[in-house]
Amino acid sequence: MGITNGQLPFEKPLVELREKIEELQKFTQEKSIDLSDEIATLEEKARRLEEEIYGNLTTWQKVQIARHASRPTTTDYIRFIFTDFMELHGDRLYGDDPAIIGGIAKLDGRPVTVIGHERGKDTKDKIARNFGLPHPEGYRKALRLMQQADKFGRPIICFVDTQGAHPGVEAEERGQSEAIARNLREMAGFRVPIVCIVTGEGGSGGALAISVGNRLLMLEHAYYSVISPEGAAAILWRDAAKAQEAADALQITAQDLEKLGVVERVIPEPKGGAHKDPAGQAKEIKEALLESLHPLLEMDGDQLVLDRHRKFEKIGVYRTVD
């Protein structure tokens, strides 16, 4: 069910077909034999297969794409989208958490504060960044940077991509739940625009702690959920193997959440996922970010706070019983 050599299980037929096309092209060059008709037929078959696979992805397949090892991370998007990025470190209480990266940058010349989860690239980097699972000091660092942005009137941009907050004993000892709760409360009251983008996994309170914004955007194959599919399956059926079934029941895809009014905009991805064209994906994100940010810049502080409150008040449906 995992990834093999960058290839997801459901992509295997397409990968094998493309390998066959490459073999024929190589054979044509080596033997000077004209196989253009055969190659054209296979290329058309590959095109149709690609449309069939990526046009009918299941929720679980989207989760697999969101978790792809080569999927762009926050540092990639910062490099492509912003200029003059200056990273800031530490929570002024305990230490620095590399699982959350943040600092000041310019978005088309406008100063902004950028914050996001960072999973890391290679194995060494992933371990150093705790695979993108923040400790309390990570959330307190994020809060410190957001408070600074609020003080100086800078819009806040948050990139969300985590399975959740670090669940270890040491995180609880240092106040994990309090750090997340404080972020939720403080973000609700900031008087500057906040735009959040879920770029991969948006897991539980670990994601929500930096996604209380005026606008929430999601990449096409990202997911955003109160719990991982495996966690839900373990609780509901006492069997993590039922993760696919849980994923369907949770309604966690960008398309589901747009229908439910949780997400304002779904950002399209290249066929196969953001990792197929990181620069192109960053361009799509920047365009959506600017379009979402522009009307917010016209609001004053009171209007921004009210807009944010109304966004969350309208989420969900409930009824009262006499």
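Keep in mind the model is a prediction, meaning the values are calculated, not measured.

## Some words on the overall build of the protein
Of regular secondary structure, the protein possesses 14 helices and 8 strands. Computed over its C-alpha atoms, the radius of gyration of the protein comes to 22 Å, within 12% of the 20 Å expected for a compact globule of 322 residues. Overall size of the protein, expressed as C-alpha extent along the three principal axes, is 70 × 50 × 40 Å. For the protein, the residues scored as buried account for 48% of the 322 residues in total. For the protein, the share of sequence-separated contacts (at least 6 apart) that also reach a separation of at least 24 residues comes to 71%.

## A word on a nonpolar patch on the surface
There is a patch of nonpolar side chains on the surface, built from Ile235, Leu236 and Trp237 and spanning about 330 Å² of accessible area. Examined against the element boundaries, Leu236 turns out to sit in helix α10 (residues 229–236). For Leu236, a relative accessible area of 60% corresponds to the exposed category.

## Here's the deal with the UniProt feature "domain: CoA carboxyltransferase C-terminal" (unreviewed entry) in the protein
Those residues carrying the UniProt feature "domain: CoA carboxyltransferase C-terminal" (unreviewed entry) are residues 41–295 in this numbering. The straight-line gap between the two end C-alpha atoms of residues 41–295 is 49 Å; of that span, 46% is helix and 19% is strand.

## With respect to the domain arrangement of the protein
Splitting the protein by domain gives domain 1 (9–56) and domain 2 (63–314). Spacing between the C-alpha centres of domain 1 and domain 2 amounts to 38 Å. Contacts between the two partners involve 6 residues from domain 1, matched on the other side by 5 residues from domain 2. Summing both partners gives a buried area of about 520 Å² for domain 1 against domain 2, and 59% of it is carried by carbon and sulfur. Summed over the three residues of domain 1 that lose the most area to domain 2, namely Phe10, Glu11 and Tyr54, the buried surface amounts to 65% of that side. For the pair domain 1 and domain 2, the number of links is 0 salt bridges. The tally of links from domain 1 across to domain 2 stands at 0 residue pairs in polar contact (both at pLDDT 80 or more). Looking at side-chain class alone, the side of domain 1 that touches domain 2 contains 3 nonpolar, no polar and 3 charged residues.

Calculation rules
- Residues numbered from 1 in each chain as written.
- Predicted model: local features only at pLDDT ≥ 70, side-chain atom pairs only at ≥ 80, totals over all residues.
- Heavy atoms only, no water.
- Helix = DSSP H or I, 4+ residues; strand = E, 2+ residues; numbered from the N terminus.
- Rg over C-alpha atoms; globule rule 2.2 N^0.38 Å.
- Buried < 20%, exposed > 50% of the residue type's maximum accessible area, 1.4 Å probe, protein only.
- Contact = heavy atoms within 4.5 Å.
- Patch = residues over 30% accessible without salt bridge, like charges linked within 9 Å, V, L, I, M, F, W, Y side chains within 5 Å.
- Areas by Shrake-Rupley, 256 points an atom, 1.4 Å probe, with all protein chains shown as cover.
- Salt bridge = Lys/Arg side-chain N within 4 Å of Asp/Glu carboxyl O.
- UniProt positions renumbered as here; feature names shortened; annotations may be inferred.
- Domains from an automatic or database assignment.
- Buried area = accessible area lost by both parts, 1.4 Å probe.
- Polar contact = N/O pair within 3.5 Å; in protein donor to acceptor, adjacent residues only side chain to side chain.
- Nonpolar A, V, L, I, M, F, W, Y, C, P; charged D, E, K, R; others polar.

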